[in-house]
Amino acid sequence: MTELALLLSLTVLAMVAVAGTLATRRALLWRIGGAAKVDWAAGLLALPRRYLVDVHHIVGRDAYAARMHALAAGGLIVGSALALLGLVPALGDIRLFWWLTALAFAAAFAGGAMVGRRRYPRRPARLSGGRFQLLPFLLAAYAGGGFLVALDASLGGALWPLGCAGLAFAAVGGLGLALQIDRGPMRHAFAGAAHLVAHPRPGRFAGERATALAPLALDTPRLGAAMPEDFAFNRLIGFDACIQCGRCEVACPAFAAGQPLNPKRLIQDLAASLQPHASNATYAGSPYPNARPVAGVGGPGLPIVGIGAMIHPDTLWSCTTCRACVEECPMMIEHVDAIIDLRRFQTLELGAVPPRAALPLMELRYADEPSGRPLAARTDFAAGLPLPLMATRGGADILLWLGEGAYELRYGRTLRALVSLLHKAKVDFAVLGAEERDCGDLARRLGDEAGFQRLARANIETLSRYRFARILTADPHALHALRNEYKDFGGAYEVVHHTAFLDELAATGRLELGALSEARVTYHDPCYLGRYNGEVDAPRRLLDRLGIARLEMERSGKRSMCCGGGGGAPVSDIEGERRIPDIRMAQAMATGAGIVAVACPQCSAMLEGVTGERPAVHDIAELVLMAVERADAAPARTAEGVA
Amino acid sequence: MRIAVLLSAGRHPVSGRPAPVPVELQALGLALGLSDEVTGLHAGPDIGPLRDALGHGLPRLIHLASEAEDDPVPGLAAALASGGFDLVLAGRAGQGGEDSGLLPYALARALGLPIVADAVALAPGAAPGTLIVEQALARGARRRLVIRLPAVVTVHPAAPAPAPFAFAAARRGIVDVQAGPSAAEPARPASEERPYRPRPKLIARAGAGASAAERLKAATESASGGGRLLVAPSPEEAAGEILQHLRALGLLPGR
Ligand code: SF4
Ligand code: SF4
């Protein structure tokens, strides 16, 4: 072992010591967080898999970033570990060992160069500047220096002048990196690992969608999150895990519309709030668009939201809860949970909902319907169509949940199409009629957990009085609430979306479909169906049965873009520069489709609200009905025609 | 300033479920804009969802427990008289009960206080013990009055919306149940209950045989009410005008 190699090993040891101290100091801050149930053993065991499979599945969507990260992180860890092992005399004297070490550092150097190429000469807007711009130099210095020292050692000290220079570089770069561990870019390494172990939604790694909001015990002394300590400790770890890659920012519809929300900045503000005497001044990424001024100070024991704090309330209320940020985040951070926790405090404790959201919540409280309309009028859309009532039937194979869309004239047409199809396929179904209350989705997303829980319990009580095998609904928000969120209150149902159900009817031959030839259709995935429930195939399969040309938008499936209708955003109505549905409609138009197929009352309302020359908007049920009527009109294909 | 806000047992106009009366919550909003010393007052058998007023910022609610048939006026009057309130706020009418809007007047009479109707904004007056009341008049007109306290003021639905509901505040607020003196309500005239139907708009009729233009004019002009606007008339002049108007409507025997 050369002396230089020994010094390199000691440098790495020093680095580890510095990084360990700083990381421990940071990790101690997590203790202010609330308790959470974490299966540590399972989490630790699953860590390699969660990292190598789940994280890399997301990182791999950007091939360049994936290679860059594999080289930089892999090289850095292997190189440093080998250099440390070199302190073991038996290994340190093997030349081949140092040659391997040099190879690892060379890989790390290549990774560092890729980091640099991505950030220089021009840094993409989604990446943060500041300390992050230093990163490629530190990486290159440490990895390059380590490489030279190891190379020299593998040649028995033949290159000692180069080795000396290398050692100097390695020491500067290595300590620089270690010093970044508590507040700089390197924090994501240890916080990210801890986050994977103690993740608040472990189901995400077990193939579940795991998207239901956690219920809030309404007798907790403080409802929702006001200060950093109101978050569970593993949520705080999650905030610290953010690497500021900006993928969430690119995906966020509110950011694109120029509303004052940037999920990356939000997570950074939350992470910054952990530090006593915190300020948001060191953040060097894109700001909240049209940011409302805030003091930008906080810390443990201090409020997070408010003009005098870190985050402006308008930022919270801009979110459509579309989960696009969560879907894109390589660190598996749960932005929506954080936003809802913050909203819960605003709504339940302060009554600080946006002015226009107060009325729907009030109407829900006293009339179970956000616009205060009579529950009995929910079935008015069906005038003239037979609509069997549960109250008179006592039970049916299918319980058709109508949802809020039933009151809208436009969406009433969709529901009429669906009901006609059910009759045609001779489905045994019934509706609750005046007994159906709002499902509580709006209340819950606006932070009114008390309102949601009341509605959920009332609906569960109603449902318990009837016999049915499945609940069918055309509203993905109701579907999500009934299927995933009522469980916590004792309501377990098999819930099926109308697209999956119609697909099933078509597959089993209960609906005969004609061809809607020459129609060019693009399908807009509802967030609450695709991302929340993973149902992206059935609607497409169904559309393909219609004999149409199906075109895909650039963002589709689980990575689709929101229409702007979720999370109470339409009633919160936070001002931006553009409207989200206009952006989405432009994406649909770019495919050249003549029809945008939708599968949700909110999407239908938002996209129908787009003005000017644009494709027609039709719910899939309407298209299916058209196809069925086509089939009926072609007598040769009907049963009677053959007879 | 000590303020009492009267809260009545309302019903949601569509669902028919017990609910606070929106205009009374607006009264609460105006009260909280003036002072922190606000007390809610309800006389009746049940507090029900009036508890929710606590969620709209009311710090304390007094429930004068009484039977449903009891007349609330004596109990409320006694509580208001002993409470030492500078200002008593009420909605212009309840919602879901008799909705006659007479209770504040009956209370004002029982307490010997002046009453001002239909406030949309309140502010402390320049002189101590006075209050500036902005009053809603027909068709969006506003009138500003300065009144001497104590007084009873009713609030108009055009007043600003109340603070949104906060569940935790409702949970924390205090409800103080006191026995209200029971007082049988004076026998009310026999009445009949019917589902509500909006009253058809009264349209002034043009004389028989009038031209289309005249009929149109009559139909559209009725919306503007008619009548005469007198600015600062002398009391005699004003009284004369009112008598004349009532006579024209056939409500007073002719001279
Ligand atoms: S929250 Fe996730 S996606 Fe957003 S910047 Fe941080 S690591 Fe990237
Ligand atoms: S859920 Fe959607 S709107 Fe909300 S922050 Fe994430 S991407 Fe933006």
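What counts and what doesn't
- Residues numbered from 1 in each chain as written.
- Chains lettered and ligands numbered in written order.
- Predicted model: local features only at pLDDT ≥ 70, side-chain atom pairs only at ≥ 80, totals over all residues.
- Heavy atoms only, no water.
- Salt bridge = Lys/Arg side-chain N within 4 Å of Asp/Glu carboxyl O.
- Helix = DSSP H or I, 4+ residues; strand = E, 2+ residues; numbered from the N terminus.
- Buried < 20%, exposed > 50% of the residue type's maximum accessible area, 1.4 Å probe, protein only.
- Domains from an automatic or database assignment.
- Axes fitted to C-alpha atoms, helices over the stretch in contact; angles between N-to-C directions.
- Parallel < 35°, antiparallel > 145°, perpendicular 65-115°, else oblique.
- Contact = heavy atoms within 4.5 Å.
- Nonpolar A, V, L, I, M, F, W, Y, C, P; charged D, E, K, R; others polar.
- Phe/Tyr/Trp six-rings, centres within 6.5 Å; stacked < 30°, edge-to-face > 60°.
- Lys NZ or Arg CZ within 6 Å of the ring centre and 35° of its normal.

- Under an unreviewed UniProt entry, chain A has the name Dimethylglycine catabolism protein DgcB and belongs to Ancylobacter dichloromethanicus.

**Observations regarding the pattern of salt bridges**
Residue and element names in this part refer to chain A.
(1) Moving on: Inspection of every chain in the model, using the stated rule, returns 52 salt bridges over all chains.
(2) Moving on: In this structure, the salt-bridge partner of Glu334 is Arg323, at a minimum N-O distance of 3.3 Å. On the criterion of sequence distance, the pair formed by Glu334 in the loop between helix 14 (324–328) and helix 15 (335–350) and Arg323 in the loop between helix 13 (313–317) and helix 14 is long-range, its members being 11 residues apart. Here Glu334 matches Arg323 in class, with each residue buried.
(3) Moving on: Notably, a salt bridge pairs Asp525 with Arg540, separated by 2.7 Å at the nearest N-O pair. Pair noted here: Asp525 is in the loop between strand 7 (520–523) and helix 23 (527–530) and Arg540 is in helix 24 (residues 537–545), with a separation of 15 residues, a long-range link.

**Points about the domain arrangement of chain A**
(1) Moving on: Split into domains, chain A comes out as domain 1 (3–195), domain 2 (222–349), domain 3 (374–506) and domain 4 (509–630).
(2) Moving on: Relative placement of domain 1 of chain A and domain 4 of chain A: their C-alpha centres are 45 Å apart.

**Comments concerning the packing of helix 1 (residues 3–29) of chain A against helix 7 (residues 160–179) of chain A**
All names here are of chain A.
(1) Moving on: For the pair helix 1 and helix 7, interaxial distance at closest approach is 9 Å and the crossing angle is 5 degrees. In this view, helix 1 runs roughly parallel relative to helix 7, as classed from their interaxial angle. Here Leu4, Leu7, Leu8, Thr11, Met15, Val18, Ala19 and Leu22 of helix 1 come into contact with helix 7, specifically with Trp160, Gly163, Cys164, Leu167, Ala170, Ala171, Gly174, Leu175, Ala178 and Leu179.
(2) Moving on: Here the residues of the contact of helix 1 with helix 7 sort into 15 nonpolar, three polar and no charged.

**Thoughts on the packing of aromatic side chains**
Think of a pair of aromatic rings as described by two things: how far the centres are apart, and how the planes are tilted against each other in angle.
(1) Moving on: Under the counting rule described, the total for this entry stands at 10 aromatic pairs over all chains.
(2) Moving on: Considering the side-chain rings of Phe105 of chain A and Tyr142 of chain A, the 5.5 Å spacing of their centres and the 90 degrees angle between planes classify their relative orientation as edge-to-face. With Phe105 of chain A in helix 5 (residues 95–119) and Tyr142 of chain A in helix 6 (residues 131–154), this pair connects stretches of sequence that are 37 residues apart.
(3) Moving on: In this structure Phe105 of chain A comes out as buried when scored by relative accessible area, which is 0%.
(4) Moving on: Residues Phe231 of chain A and Phe239 of chain A carry aromatic rings whose centres are separated by 5.1 Å and whose planes lie at 90 degrees to one another, so their mutual orientation is edge-to-face. Pair check on accessibility: Phe231 of chain A and Phe239 of chain A agree, each one buried.
(5) Moving on: Through successive ring pairs, a cluster of aromatic residues spans Phe452, Tyr486 and Phe489 of chain A.
(6) Moving on: Taking NZ or CZ as reference, Arg323 of chain A lies 5.7 Å from the ring centre of Tyr532 of chain A, over its face.
(7) Moving on: We note Arg365 of chain A situated over the ring of Phe165 of chain B; from NZ or CZ to the ring centre the distance is 3.9 Å.

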